[in-house]
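Read off the chains here:
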Amino acid sequence: MKRRIGILTAGGDCPGLNAAIRSVAKTAIIEHDMEVFGFIGGFKGLIENEYIALTEEKVSGILTLGGTILGTSREKPMKKNHPDDFEPDQKSKQIKKTMNLLQLECVVCIGGNGTMKNAHALSKIGIPVIGIPKTIDNDVWGTEVTFGFDSAVQICTDAIDRLHTTASSHKRVIVIEVMGHDAGWIALHSGIAGGGDVILIPEIEYDISIVCNYLMKREALGKPVSIVVVGEGVKTGKKRTPGPYLAKKINELTGIETRETVLGYIQRGGSPTATDRILATRYGQFATSLIAQKQYNSMVSITNNILGSIPISETAGKTKIIEPDYELIKTARSLGVCFGDGC
Ligand code: F6P
């Protein structure tokens, strides 16, 4: 019998998932003469033994497709799955049954940091896994960049470009809230690419009065139009302060007409950028080559554009956030961008 592998996509979807599925399947079939089974709806499909055969025909024409042909979910493979404290339960018994029924040697888990934690838990009950890091948030520890991130930054940048023209027509301040969970990668990169005047990220504690003084100073200098880019995870103390809240506060405290846009799930939709198609394809091919060499229980990674891998145990349960001395923050500050902490 041919070697057989499974593949699943879990967590929030993003552009590039189908490029990764296609790459794993084509590499496995063409280069390693394997058979590939795609599980429906993330770990749920593995638990319930719901799958489709991923043949070359099945993955033909999906490179440019947004979303995932397998579907996704946030279902966990077992109740408790903290890297150091998990308990096999009914769900993990069903997963083992699926592995045996289909005679699978490994499961490729494509997902964010939650998925890597779940994949690590599977490896601890003897199910070989390979992780491929995906998420628009770019917050997977252990790799420089996840696929999905470049597409989200492009979508946000396009949105900011559009907000500049309407803000200019009305001489307004516009606040745009972007995704990114508890990290500010999307806000920082799209804020710089889109020429944001204020960029608020969860990693930098901000003071609303500093932001408002900065905006009023701009107005006094004859620049009443400003764009404020805020990551959804931004807080004051423990309290999340999303875009609409900030727009209201700025309007009240400065008297400048202010509006807000919450970009939401647009950031997760549509066809992947060329950069994400290439990264997803590279990750998929490399992940499959690790399986061919029976190097399981790793997550593929990229550093200085060189592919590698780290033990899945090393990334499980961790989040990659922006360090205060990150070069792009220094660049933005040099251009006068306000981070709400002393501009
Ligand atoms: O992880 C990707 C992401 O879009 C985050 O940026 C966002 O906070 C979260 O997923 C939304 O989760 P859901 O799709 O379950 O509403």
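Quick caveat: nothing in here was measured; it's all calculated off a predicted structure.

All right, on to the site of the ligand then. Residues in close proximity to the ligand include Arg74, Thr135, Ile136, Asp137, Met179, Gly180, His181, Glu232, Tyr265 and Arg268, which together make up its full environment. Note that an oxygen atom of the ligand is positioned 2.6 Å from one of the side-chain N or O atoms of glutamate 232. Taking tyrosine 265, its side chain carries an N or O atom lying 2.5 Å from an oxygen atom of the ligand. Contact with the protein chains covers 72% of the free accessible surface of the ligand, which is 400 Å². According to the grid-proximity analysis, the pocket containing the ligand is the largest pocket. Class assignment of the residues belonging to the shell around the ligand gives a composition of three nonpolar, three polar and four charged. Each of two domains, domain 1 (4-148 + 272-315) and domain 2 (151-268), supplies a minimum of three residues to the shell around the ligand.

Here the domain parsing of the chain yields domain 1 (4-148 + 272-315) and domain 2 (151-268). On a C-alpha basis, the centroid separation for the pair domain 1 and domain 2 is 34 Å. With 13 residues of domain 1 at the contact, the number on the domain 2 side is eleven residues. Counting the surface lost from both domain 1 and domain 2, the interface buries some 930 Å², and carbon and sulfur atoms represent 51% of this. If you sort the residues of domain 1 by the area they bury against domain 2, Asp13, Ile136 and Asp137 come out on top, with a joint share of 50%. Scanning the region where domain 1 abuts domain 2 turns up six residue pairs in polar contact (both at pLDDT 80 or more).

Attention now moves to the layout of surface pockets. Each pocket or cavity is described by its volume, and for the largest pocket that value is around 500 Å³. Lining the largest pocket are 26 residues, with Gly11, Gly12, Arg74, Asn113 and Asp137 positioned closest to its centre. When residues of the lining of the largest pocket are assigned to their parent elements, the largest contribution, five residues, is made by helix 4 (residues 113-124). For the lining of the largest pocket, the class distribution of residues is four nonpolar, twelve polar and ten charged. Counting contributing residues per domain, the lining of the largest pocket is built from domain 1 (4-148 + 272-315) and domain 2 (151-268), each supplying no fewer than three.

Reading the values: rules and limits
- Residues numbered from 1 in each chain as written.
- Predicted model: local features only at pLDDT ≥ 70, side-chain atom pairs only at ≥ 80, totals over all residues.
- Heavy atoms only, no water.
- Near = heavy atom within 4 Å.
- Polar contact = N/O pair within 3.5 Å; in protein donor to acceptor, adjacent residues only side chain to side chain.
- Areas by Shrake-Rupley, 256 points an atom, 1.4 Å probe, with all protein chains shown as cover.
- 1 Å grid on protein atoms, 1.4 Å probe; cavity = no way out; pocket = protein on both sides within 12 Å on 5 of 7 lines; lining within 4 Å.
- Sits in = over half its atoms within 2 Å of the grid points.
- Nonpolar A, V, L, I, M, F, W, Y, C, P; charged D, E, K, R; others polar.
- Domains from an automatic or database assignment.
- Contact = heavy atoms within 4.5 Å.
- Buried area = accessible area lost by both parts, 1.4 Å probe.
- Points joined across faces, edges and corners; volume = space filled by probe spheres on them.
- Helix = DSSP H or I, 4+ residues; strand = E, 2+ residues; numbered from the N terminus.

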